[in-house]
Amino acid sequence: MLDILAAIVAGGAIKHVDYLEDKKKGKGILKWPLGILAGLCMGYILAFSPAAILFVGIIAAQVLMGKIDKPVHGLAVGLAAAVPFFLGMGWANTVLLLPFFVVAVIDEVELAGILKPMRDYRLWLKGTTLAVGAISGVWSYFVILMAFDLAYLAVSKLKDGGRIVDL
C-alpha cells in the first residue's frame, strides 16, 4: 500500500518539477526538494514494490529517449537508483522488463493524427499493464502506474488552471 502512496507522491512531484523546468524556465525554489522527493519515492518503489520492474523499464526508457535532460531530473533518477542500491531491489518478474521498456519507449515517440492520444496519455504502457493484469491476475503494475499517472495528470491540470502556487 505504501508503494501506491509513493507512486502518487512521485507522479505529482515529478510533474511539478517538469512544469517548473519547462514553463518557468527552471525558476522556482521547489524544484530541488521536489526532485529529491520524487527520486526517493521512485527508489522506494524500486526497493519494495512488486511493480519495481515496471519502473526499471520506465526509467531506462526515459534515459534512452533523452527525457532526463535537466540536472534535477538526473538527481531524481540518481536517487531512485541509489535507494535500492542500499536497500535491495524488488525484482518480481524480470521477464516483463523488456516489454515494459519497449512500450515505455513507444510512449515517448511523437505520433500524429488519431494516434496522438496514445502518446499524450501513455496509453501503450497503460494498455500493457492492463493486459498483464488481465492475463496474469497481477494488478500491481497497472494500479501503481495509474496512481503515478493520475497524480501526474492532476498536477498538470491544476498547473494549467493556475490553481497551484508557483514557488
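Here, the structure is the one placed above.
A. Just the nonpolar core, in detail. Ranked by size, the top nonpolar core spans 36 residues in total, and within it Leu 54, Phe 55, Phe 100, Leu 125, Tyr 141 and Phe 148 carry the most contacts. The element best represented in this core is helix α3 (residues 52-64), accounting for 7 residues. Apart from residues lying up to four places away in sequence, Leu 54 is in contact with Phe 100, Leu 125, Thr 129, Tyr 141 and Leu 145.

B. Representation of the environment of Gly 35 within the structure. With respect to the helices and strands, Gly 35 occurs in helix α2 (residues 31-48). Judged by its relative accessible area of 0%, Gly 35 falls in the buried class. With 25 residues separating them along the chain, Gly 35 and Ala 10 place their C-alpha atoms 8.8 Å apart. Those residues within four positions of Gly 35 in sequence are excluded, and the remaining contacts are Val 17, Val 72 and Ala 76.

C. Broad picture of helix α8 (residues 140-160). Spanning 21 residues, α8 covers 30 Å between terminal C-alpha atoms, matching the ideal 30 Å at 1.5 Å per step. Ser 140, Tyr 141, Ile 144, Leu 145, Ala 147, Phe 148, Asp 149, Ala 151, Tyr 152, Val 155, Ser 156 and Lys 159 are the residues of α8 that are buried. Those residues of α8 that are buried lie in contact with α1 (2-22), α3, α5 (97-106) and α7 (123-136).

D. Just the packing of aromatic side chains, in detail. Going through the model one piece at a time under the given rule, you end up with 6 aromatic pairs. Between Tyr 44 and Phe 48, the aromatic rings sit 4.9 Å apart at their centres with planes inclined by 45 degrees, giving tilted as the arrangement. Here Tyr 44 pairs with Phe 48, and both are found in helix α2, just 4 residues apart, close to one helical turn. Aromatic pair Phe 100 and Tyr 141: ring centres 5.1 Å apart, planes at 55 degrees, arrangement tilted.

E. Representation of α1 in the model. For α1, built from 21 residues, the straight-helix expectation of 30 Å at 1.5 Å per residue is met to within 8% by its first-to-last C-alpha distance of 30 Å. In terms of burial, α1 is a largely internal element, 15 of the 21 residues being buried.

Rules used throughout
- Residues numbered from 1 in each chain as written.
- Predicted model: local features only at pLDDT ≥ 70, side-chain atom pairs only at ≥ 80, totals over all residues.
- Heavy atoms only, no water.
- Core = buried A, V, L, I, M, F, W, Y, C linked by side-chain atoms within 4.5 Å.
- Buried < 20%, exposed > 50% of the residue type's maximum accessible area, 1.4 Å probe, protein only.
- Helix = DSSP H or I, 4+ residues; strand = E, 2+ residues; numbered from the N terminus.
- Contact = heavy atoms within 4.5 Å.
- Expected span 1.5 Å × (residues − 1).
- Phe/Tyr/Trp six-rings, centres within 6.5 Å; stacked < 30°, edge-to-face > 60°.

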